[in-house]
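Breakdown of the fold
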Amino acid sequence: MNRKLSPGLNRRALLGLAGAGALLGAAPGWAKPDADTALLDDLEQRTFNFLWDTTDARTGLAPDRWPTPSFASIAAVGFALTAYPIGVERGWISRAQARERVLTTLRFFHAAPQGPQASGVSGHKGFFYHFLDMKTGHRFGRCELSTVDTALLLAGMLFCRDWFDGKDKDEQDIRRLADEIYARVDWRWAQHRPPSISHGWDPEQGFLGSDWKGYNEAMLVYLLALGSTTFAVEPAAWDAWTSTYNRASWGSEYGQTYLRFPPLFGHQFTHCWVDFRGIADAYMRGRGIDYFENSRRATYAQRAYAIANPEGWAGYGENVWGVTASDGPADVVREFKGKKRKFISYAGRGMGGAHTYDDGTLAPYGAGSSIAFAPEIVIPALRTMRERYGQHIYGKYGFVDAFNPSFTFTDVKLTHGKLIPGFGWVDVDMLGIDQGPLIAMLGNHRGEIVWKTTRRSEWLKRGLKRAGFTGGWLK
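Residues numbered from 1 in each chain as written. Predicted model: local features only at pLDDT ≥ 70, side-chain atom pairs only at ≥ 80, totals over all residues. Heavy atoms only, no water.

To continue, consider the overall build of the protein chain. Secondary structure summary: the protein chain contains 15 helices and 20 strands in total. C-alpha atoms of the protein chain, sized along the principal axes, occupy 55 × 50 × 45 Å. Across the 475 residues that make up the protein chain, the buried fraction comes to 63%. Surface exposure of the protein chain reaches about 16,400 Å², of which carbon and sulfur atoms provide 50%. Averaging the coordinates of the 56 positive side-chain charges in the protein chain and doing the same for the 49 negative ones gives two points 2 Å apart. (Helix = DSSP H or I, 4+ residues; strand = E, 2+ residues; numbered from the N terminus. Buried < 20%, exposed > 50% of the residue type's maximum accessible area, 1.4 Å probe, protein only. Areas by Shrake-Rupley, 256 points an atom, 1.4 Å probe, with all protein chains shown as cover. Lys, Arg positive; Asp, Glu negative; His and termini not counted. Charge placed at Lys NZ, Arg CZ, Asp CG, Glu CD.)

See below:
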């Protein structure tokens, strides 16, 4: 996926209550009004419907974006798989419907051809290409074999593996196929510069020039690699992952001290499947917090950044925020409020200004996917964006990917979306890898649907313990 803000990397090279009335991460004494319950009910179902309706029922392949025709995204498939059990628990589909869709998906990927050749295959060494042709399931164009997108795909598969725990033959097959797909991923092969794990590989140039290091969305890559029973990497890989924390990540901004990563998605993706509350590795134990608390602080920092609004973008404020990876209007430079500003068609946007690609574009899913960390500020943001802008940004499948009230330029050929007179730029597409974390984290906030399953996952417990995590539910 490589949405992180590294030089030379682009985007693709890259409401229920929880427990006995307590809200996950909520401030003491904070209560959710009934109107907000209705809002979350509606948003959760619409977001689920997007993943259910747009995924190809014959293969399980989920499109990268919709309604614009596109290739399949393996990460979007992982998120779609995660959504299906949520749909069952909410009563939107039956267990049999979900089982059939999951089994179709696993059978497709299990049988998908693998090999070192440049075309006619879906992956190599157990990994899968970032994008696949929606019809054939083979590598799309010259995209890379992606370690992080394979991890997101596997997370969805392994969640289903543990959720479908029945004696029915189809559910047994789900568990068998997920185990076999996971087991054949050669994580050691991907350690081109050991002990770190490479971003990916392609048959034209070999391994990509960067490894996964530092705090970002790829924590899941290392947990899966450490948890493997066939090609597990050594614990030194986790040490390499955390080795840049002090130099590049830990610090204070906008009233919070935490491991920083400008786009919100980096604080959310791994958390879709891993409940980090009360467990910590050596680094976080030394800091006295866990990764859940870190993401809570990141969420508050994002809101504080929007309130401060140092770039002066239109719309930013206490309840309108969410700067993260998303579509944008176009790759152009235009004057806004007396300054030349660079606008971008797609970027791993983050809080911080031009150097973090903040061009005034907001993604509602960015705020929404933090709901499990800080519902007391996320729900008002979702409510405000829907009430204030809903006629432009909320529809059949919930929120569109992004909008930009600052972009009102009529002389630009847009890459994505459309201009609405008197409002600004609005995307017309929805992205699977953006809708996916939103439904997963809504499910976790409203009953821990994903977390309560993955807390008993042997691969996850093994990976966490080998990374040095202790405490909490790992006991």
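What follows covers the environment of Tyr300. Within the secondary structure, Tyr300 sits in helix α10 (residues 291-308). Separated by 142 residues in the primary sequence, Tyr300 and Leu442 place their C-alpha atoms 18 Å from one another. Not counting chain neighbours up to four residues away, the residues in contact with Tyr300 comprise Gln256, Ala374, Glu376 and Ile377. Within the structure, Tyr300 has its side chain in polar contact with the side chain of Glu376 (distance 2.6 Å). (Contact = heavy atoms within 4.5 Å. Polar contact = N/O pair within 3.5 Å; in protein donor to acceptor, adjacent residues only side chain to side chain.)

According to the stated counting rule, one finds 36 salt bridges in the structure shown. The salt bridge involving Arg456 is made with Asp165; its shortest N-O contact spans 3.9 Å. Remark: Asp165 occurs in the loop between α4 (147-163) and α5 (169-183) and Arg456 occurs in the loop between α14 (451-454) and α15 (458-466); sequence separation between them is 291 residues. When its relative accessible area of 48% is taken as the criterion, Asp165 is described as partly exposed. (Salt bridge = Lys/Arg side-chain N within 4 Å of Asp/Glu carboxyl O.)

The next thing to look at is the packing of aromatic side chains. As enumerated under the stated definition, the model contains 42 aromatic pairs in all. Centroid distance Tyr182 to Trp459: 6.3 Å. Interplanar angle 75°. Geometry classified as edge-to-face. You can see Tyr182 sitting in helix α5 and its partner Trp459 sitting in helix α15, a full 277 residues away along the chain. Assigned by exposure class, Tyr182 and Trp459 land together as buried. Following the ring pairs from residue to residue traces out a cluster consisting of Tyr215, Tyr222, Trp238, Trp241, Tyr245, Trp250, Phe276, Tyr283, Tyr291 and Phe469. (Phe/Tyr/Trp six-rings, centres within 6.5 Å; stacked < 30°, edge-to-face > 60°.)

The next thing to look at is the sheet that holds strand β19 (residues 424-426). Ordered in space as β17-β19-β18, the 3 strands form an open sheet in which the pairing is antiparallel. Strands at the two margins of the open sheet, each flanked by one partner only, are β17 (403-404) and β18 (418-420). One ladder, built from 2 bridges, connects β17 with β19; its direction is antiparallel. Paired with Asn404 across the strands is Trp425, a residue of β19. (Pairing = 2+ DSSP bridges.)

The next point concerns the confidence of the model for the protein chain. Atomic detail in the predicted coordinates should be set aside for any region of low pLDDT. Per-chain confidence: the protein chain averages 93 in pLDDT, with 93% of residues scoring 70 or above. Predicted confidence is poor over residues 4-30, with pLDDT under 50, and the contacts of this stretch with residues over four places away or in other chains come to 86 contacts. (pLDDT = per-residue confidence, 0-100.)

With that settled, the discussion passes to helix α13 (residues 432-445). Here α13 is 14 residues long and its end C-alpha atoms lie 20 Å apart, about the 20 Å a rise of 1.5 Å per residue gives. Counting buried residues along α13, 14 of its 14 residues qualify, which places the element largely inside the surrounding structure. Just past α13, the residue Gly447 takes up positive phi, approximately 125°. (Expected span 1.5 Å × (residues − 1).)

Assignment of secondary structure puts Pro421 in the loop between β18 and β19. With relative accessibility at 79%, the residue Pro421 sits in the exposed group.

Another point: empty space enclosed by the protein. Looking at the largest cavity, its volume works out to about 30 Å³. Along its surface, the largest cavity is lined by Phe127, Leu145, Thr147, Trp189, Ala190, Gly200, Trp201 and Phe207. (1 Å grid on protein atoms, 1.4 Å probe; cavity = no way out; pocket = protein on both sides within 12 Å on 5 of 7 lines; lining within 4 Å. Points joined across faces, edges and corners; volume = space filled by probe spheres on them.)

Attention now moves to the sheet that holds strand β6 (residues 145-146). Read across the open sheet, the 3 strands follow the order β6-β7-β8; overall the sheet is antiparallel. Both outer strands of the open sheet, β6 and β8 (206-207), are each paired with one neighbouring strand and no more. Sheet analysis places β6 next to strand β7 (residues 200-202), joined by 2 bridges and oriented antiparallel. Residue Ser146 lies in a different strand from β7, and its bridge partner there is Gly200.

On to the side chain of Ser249. Mapping Ser249 onto the fold places it in helix α8 (residues 245-249). Looking at Ser249, the relative accessible area reads 4%, which means it is buried.

Glancing now at unusual backbone geometry. Pro67 follows Trp66 through a cis peptide bond whose omega is 10°. Here Pro67 is to be found in the loop between β1 (65-66) and β2 (72-73). The phi dihedral of Lys125 falls on the positive side, at around 55°, and the residue is not glycine. Position of Lys125 among the secondary structure elements: in the loop between β3 (123-124) and β4 (127-128). The class of Lys125 is partly exposed, set by a relative accessible area of 36%. At Tyr357, a position not held by glycine, the phi torsion is positive, near 65°. Residue position: Tyr357 is located in the loop between β14 (346-348) and α11 (364-368).

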